[in-house]
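# Structural characterization, general
Now for the letters of each chain:
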Amino acid sequence: MFTATLIAAGRLSPQTLADAVARLTDAGCMPGVVEWLDEGDAADIQFAGQPSAARAALEGGGDGVDVVVQPIEGREKRLLVADMDSTMITVECIDELADYAGLKPQIAEITEAAMRGELDFAAALDARVALLRGLDAGAIDRCRDERVRLMPGAVTLVRTMRARGATTVLVSGGFTAFADPVGAQIGFDRVIANQLIVADGALTGTVAKPIVDSATKERTLRDARAALALADAATLAVGDGANDLAMINIAGLGVAYHAKPIVAAAAGARIDHNDLTALLWAQGIRRRDWASG
């Protein structure tokens, strides 16, 4: 059996659920029990049939409604591997740091192309960092304090999963100067990111090798899964850019979060409208059981 979780915080109506049941029926998915997780916010519809058919029938069927389709068994995950920039925080750190060098439009254009999968990630990172050569290292702290904001729901997601026994890893193609404090603030067990090289109080325009890239993210998930002796289905990966696809594609639940089109099209689930607490409802965890954010 499978479940389709419909999520639209504060906007989910009984009519929306009735329409979803009708669409599942028309798709031959044999809907069964319909249950509120939190009334008006999220609900489960059990069904028997093809998950791909159910997802196709339901996605786009309600204004502001996200849909996650998955097996009922094992839906609560024991490992979370998450991207940072534009996933756990609201910005791309390198773009914001570039603003302190007067180079944000130039660097943001490269970032956008890399996240769409149009450029090799490592080469694009080297090119962007090289443009920052000579920037006062103090700009890093200023940028972190003035620009970096946590994504809504990030703290609640991570702390709830940890409170329920899950392991959480933040793995970022960004920089340790941002990722380490962000990871600590949110509550991740472990943080992996790139290291900007600083000498004589300024950025050298280089980043330590090897670069944390798509392969690193995939390997992190595989290694953590093996170390914890978890089944594939017990894992959750979430990100927004092309360099997140490798880990998203091997996770039990791979989620494209407010993602670039290439990621949204390939991921097994996507969250387009709601915040990161949607991933708790997707696991069947009701609001009453969330850890305080």
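Everything in this summary refers to the structure shown in the same document. (Residues numbered from 1 in each chain as written. Predicted model: local features only at pLDDT ≥ 70, side-chain atom pairs only at ≥ 80, totals over all residues. Heavy atoms only, no water.)

### Quick word on the packing of helix H1 (residues 14-26) against helix H2 (residues 51-58)
Selection rule: All axes are obtained by fitting lines to C-alpha atoms, using only the stretch in contact for helices, and the reported angles, taken between N-to-C directions, cover 0 to 180 degrees. Helix and strand definitions follow DSSP, with helices as H or I runs of at least four residues and strands as E runs of at least two, each counted in order from the N terminus. Any angle between 65 and 115 degrees counts as roughly perpendicular, while under 35 counts as roughly parallel, over 145 as roughly antiparallel, and the rest as oblique. For any pair of crossing helices, the crossing counts as left-handed if the nearer helix is rotated counterclockwise from the farther one by less than a right angle, and right-handed if it is rotated clockwise. It only takes one pair of heavy atoms within 4.5 Å for two residues to be counted as in contact. We call Asp, Glu, Lys and Arg charged. Ala, Val, Leu, Ile, Met, Phe, Trp, Tyr, Cys and Pro are nonpolar, and the rest, Gly among them, are polar.
For the pair H1 and H2, the least separation of the axes is 9 Å and the interaxial angle reads 135 degrees. As judged from the angle between their axes, H1 and H2 are oblique. Where H1 crosses over H2, the handedness of that crossing is right-handed. On the side of H1, the interface is formed by Ala20, Arg23 and Leu24, while H2 contributes Ala54, Ala57 and Leu58. Looking at side-chain class alone, the contact of H1 with H2 contains 5 nonpolar, no polar and 1 charged residues.

### Considerations on helix H4 (residues 104-115)
In plain terms, the rule: Each residue after the first adds 1.5 Å to the expected span of a helix. Working definition: with a 1.4 Å probe on protein chains only, accessible area under 20% of the residue-type maximum means buried, over 50% means exposed, and in between means partly exposed.
Relative to the 16 Å expected for 12 residues at 1.5 Å per residue, H4 spans 16 Å between its end C-alpha atoms, a close match to the ideal helical length. If you check which residues of H4 are buried, you get Ile107, Thr111, Ala113, Ala114 and Met115. On the buried face of H4, the contacting elements are helix H3 (93-99), helix H5 (121-131) and helix H11 (261-266). Remark: Gly117 follows H4 within two positions and exhibits a positive phi of approximately 85 degrees.

### A few points about the pairing of strand E11 (residues 253-257)
Filter applied, for reference: Strands were regarded as paired on the criterion that DSSP finds at least two bridges between them. Here the term right-handed applies to a crossover when the path leading from its first strand over the helix to its second strand runs clockwise, the strands being oriented away from the viewer.
Of all the 5 residues making up E11, 5 are buried; the element is thus mostly covered by neighbouring parts of the structure. The two faces of E11 match: Leu253, Val255 and Tyr257 on one face and Gly254 and Ala256 on the other face are all buried. Direction of pairing for strand E10 (residues 235-239) relative to E11: parallel, over a ladder of 4 bridges. Pairing of Gly239 across the sheet is with Ala256, part of E11. In this region the chain leaves E10, passes through helix H10 (residues 245-250) and returns to the parallel neighbour E11; the handedness of that crossover is right-handed. Where E11 lies against strand E12 (residues 269-271), 3 bridges are found, and the strand directions are parallel. Looking at the pairing, Tyr257 lines up with Ile271 of E12. As a crossover connection, the stretch from E11 through H11 into E12 is right-handed.

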